[in-house]
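Letter by letter, the chains look like this.
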Amino acid sequence: MAKGRVSMEIGADGVAVITMANPPVNALATAVIAGLKEKYAEAMGRRDVKAIVLTGDSRKFSGGFDISVFVEVQKTGDLSLLPDVSVDLVMNTIEEAGKPSVAAIHGLALGGGLELAMGCHARISTPDALLGLPELSLGVIPGFGGTQRLPRLVGLPKAIKMMMLSKPIKAKEGYESGLVDEIVSAEELLTVAKSWALDIAERRKPWTKSLHRIDRLCALYEASQKLYASRKEAERTAQNMPQYQVCLDVIEEGIVHGGYAGVLKEARCFKELVLSSTSKSLIHVFFALRATSKVPNLTGIGPNRRHIKKVAIIGGGLMGSGIATALILSDVHVILKERDPTFRGIKSVEANLKGLVKRGTITQEKMNRSLSILKGVLDYTDFKYADMVIEAVIEDAPLKQSIFNEVEKLCPPHCILATTTSTIDLNIVGKNTNCQDRIIGAHFFSPAHVMPLLEIVWTEKTSPQVILDLMTVGKIMKKVPIVVRNCTGFAVNRTFFPYHHASALVLHLGVDFDRIDRAIRKFGMPMGPFQLADLVGYGVVSAANRIYSSAFRDRTFNVGFVELMIQDGRKGKENGRGYYLYERGSRPKADPSLLPIIDESRRRASLMPSGKPISLSDQEIVEMIFFPAVNEACRVIDEGVVLRASDVDVASILGMGFPRHRGGLLFWADTLGSSYIYSKLKKWTDSYGGLFAPSPYLEERARNGMSLSMNSSPPKASISRM
């Protein structure tokens, strides 16, 4: 059945209102595009139609082109599946028509939706509307004329900024920059849009075709300078993403050779980019992110979501204050329980909010409002009002047990008891309670008010209602929830502990740590594993090594090197001495005085053949470090720790900074092939031991020529208890 429909209603005033309907965001599916062409043809042929108002159903204009069409094109390689929108619809049917069109925008006009609106002869918007061209975030460029019309409406600098950042602007900013012609209330929208349409038809207002405008374009030399600067910035910030440079090239084509030439080049480049590996990766991530909110046998058919009005947090340290910040910014009342009578946690929350005000992320008014729903306490008296308790103290199992044993008696019987532990088994945390059905893991990533990922960790005893409620809280906090089964390290840390161990092994094969870090950064990670260790701190690294060496004894590499660094008085970034030297105002520099310690550790490990360093290319370094993580991800899937393979991709991107343009850890692995990865791991196992030993899941996939991401059976982690 075709997705979407288009209707037309002709008023006595001679204005035809054409309405797009394709819930939830009126995406421009093939049927909608065909319907627009049909209704426009009908309106053009009717003498009683003087002008047209284009709008969307359900108080939304359009969220853009139907991205599922991209997926089909990428599967088949058939570009003919992409309808001709840019020239045939936006330019020939709307912009060059003999009757004017006015876009009546409410809700959102994004991507192809905004491009349709820019093809109209005026744009009227409600105050709440969001306007933007986010196509670059999907690995493509605006393909319906957006690269040409936006600079002609808002000026080149503003247009480049909007496209490069892929962030929408509000209607007020659109009006101030020239994208919107008038802002009116939702109740007045159609009336005012009709009036504009008639005024244009009867020449009381200018009949402006965006593609023909040049008054907002700067001189060629100035445009060339701006484009050059933007290219340099894109080289720095989007090194592995070709769509940024292509977008700037297409913009330049239109400025130098005219809008029509720009539209034609845009259409060609758009189609080429749809089939690029970058676009395939980013579109996979787009759908993977949306899949995280769907839990088999729970969401959509399970219990009703409960409203969490008040959350109590135990511990005002970095994690606790970060969670408190995120909650009050989401209008959830927070009780922050601390031991420190000076309320350092409350001060940390205030500092977090001040930082957001300084960056322009929130207003001073929003900060004041948020602080008004935060209360600092030194005891548990107010916990009797809490709908959820989040324990955020240090990683100490007996301490966490005693806390839950105490608060269980003080909180109402519906109260959820969540722990932020990143390593301790939840069954151990809740061992001494009588309410293990209410105990759940809420693993935030630090700083919690900034990092978007939330691992929701359940045990066999956790109630489905509790899982659903924590998912709801995560959504309110604008977090991306990954629902994972209880295990050592959960999804992110479990998957990536071999990444850190393999990095240490490669170091002990004679490769310099700063060269390893450079190779990993070049691959697309925000920092290398050794700089990350400096940032996290060696106490945390050492504790994690002990935990994973105990839980997964046969596949770790731990020769006590971190302990040697600690003995040498190194604390990483905390005291300015780690793998790197840290001085205020300068970049980290590899510390040459660390070399004797490395040499001693290499001597103890005795991995280098004949005591000489082995030679590895950057690609070999990347593979040797990431393939063990891919292997562990296979175990995570096979054991049912995650609900679907794409959850590992999301977790790797949002939790570890894996490059988004590669689609996530497993998506990237599938571009290389399970057989290739298996053969490499097998070879390294023979040389260096169990850290590289292929998992049964990976071995089976390689033997049968299957992808690692494809589910051959229902997920083991499905929540089936109601």
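Residues numbered from 1 in each chain as written. Predicted model: local features only at pLDDT ≥ 70, side-chain atom pairs only at ≥ 80, totals over all residues. Heavy atoms only, no water.

## Thoughts on the side chain of Arg494
Formally: Starting at the N terminus, helices and strands are each numbered in turn, a helix being any DSSP run of H or I of at least four residues and a strand any DSSP run of E of at least two. Think of it in three bands: with a 1.4 Å probe and only protein chains considered, a residue is buried below 20% of the maximum accessible area for its type, exposed above 50%, and partly exposed in between. Throughout, a residue-residue contact means that at least one pair of heavy atoms, one from each residue, lies within 4.5 Å.
Positionally, Arg494 belongs in helix H19 (residues 492-508). Residue class for Arg494 comes out buried when judged on its relative accessible area of 1%. Contact partners of Arg494, with chain neighbours within four places excluded, come to Cys487, Thr488, Gly489, Tyr548, Phe552, Arg555, Glu632, Arg635, Val636, Glu639 and Val641.

## Some remarks on the packing of helix H6 (residues 156-165) against helix H9 (residues 220-237)
Under the convention used in this document: Orientation is described by lines fitted to C-alpha atoms, with helices fitted over the stretch in contact, and by angles between N-to-C directions that extend from 0 to 180 degrees. Working definition: roughly parallel below 35 degrees, roughly antiparallel above 145 degrees, roughly perpendicular at 65 to 115 degrees, and oblique for all remaining angles. When the near helix sits turned anticlockwise from the far one by under a right angle, the crossing is termed left-handed; a clockwise turn instead gives a right-handed crossing. Side-chain classes follow a simple rule in which Ala, Val, Leu, Ile, Met, Phe, Trp, Tyr, Cys and Pro form the nonpolar group, Asp, Glu, Lys and Arg form the charged group, and the remainder, Gly included, forms the polar group.
Between H6 and H9, the least distance of the axes is 10 Å, while the angle of their chain directions is 20 degrees. Between H6 and H9, the crossing angle belongs to the class labelled roughly parallel. Where H6 crosses over H9, the two elements pack in a sense that is right-handed. Touching Leu156, Pro157 and Ile160 of H6 are Ala223, Lys226, Leu227 and Ser230, all from H9. Of the residues contributing to the contact of H6 with H9, the split by class is five nonpolar, one polar and one charged.

## Let's talk about the packing of aromatic side chains
The geometry of an aromatic ring pair is captured by two quantities: the separation of the ring centres and the angle between the planes. What counts here: Aromatic pairs are defined between Phe, Tyr and Trp rings, using the six-membered ring for Trp, whenever the two ring centres lie within 6.5 Å; interplanar angles under 30 degrees are classed as stacked, those over 60 as edge-to-face, and all others as tilted. A positively charged side chain is recorded as over a ring if its NZ (Lys) or CZ (Arg) lies within 6 Å of the ring centre. The angle to the ring normal must also be within 35 degrees.
Using the criterion set out here, one finds 28 aromatic pairs in the structure. Consider the rings of Phe513 and Tyr579, whose centres lie 5.4 Å apart with planes at 55 degrees: the pair is tilted. Taken together, the residues span a long stretch of sequence, with Phe513 in helix H20 (residues 513-523) and Tyr579 in the loop between helix H23 (561-567) and strand E18 (580-581) at a distance of 66 residues. Grouping residues by exposure puts Phe513 and Tyr579 together as buried. Ring pairs connect the aromatic residues Phe496, Tyr499, Phe523, Phe626, Phe627, Phe658, Trp668, Tyr676, Trp684, Tyr688 and Phe692, which therefore count as one cluster. The ring centre of Phe523 lies 4.1 Å from the NZ or CZ of Arg662, which sits over that ring.

## What about the pattern of salt bridges?
Basically, it comes down to this: Any Lys or Arg side-chain nitrogen found within 4 Å of a carboxyl oxygen on Asp or Glu counts as a salt bridge.
This model, assessed by the stated rule, comprises 42 salt bridges. When the shortest N-O distance is used, the salt bridge between Glu96 and Lys209 registers 3.1 Å. Of this pair, Glu96 sits in the loop between helix H3 (86-95) and strand E4 (101-105) while Lys209 sits in the loop between helix H8 (189-201) and H9, placing them 113 residues apart in sequence. For Glu96, a relative accessible area of 32% gives the class partly exposed. A salt bridge links Lys158 to Glu173; the nearest nitrogen and oxygen atoms lie 2.1 Å apart. Of this pair, Lys158 sits in helix H6 while Glu173 is found in helix H7 (residues 171-177), placing the two residues 15 residues apart along the sequence. Residues joined by salt bridges that share partners form a network here, namely Arg494, Asp554, Arg555, Glu632, Arg635 and Glu639.

## Remarks on the sheet that holds strand E8 (residues 169-170)
Where we set the bar: DSSP calls a pair of strands paired once it identifies at least 2 bridges connecting them.
Taken in spatial order, the three strands line up as E5-E7-E8 in an open sheet, and their pairing is mixed. Both edges of this open sheet fall to strand E5 (108-110) and E8, since each of them pairs with a single strand only. Note that E5 and strand E7 (residues 130-132) share three bridges and pair parallel. Among the inter-strand pairings, Leu108 is bridged to a residue of E7, identified as Leu130.

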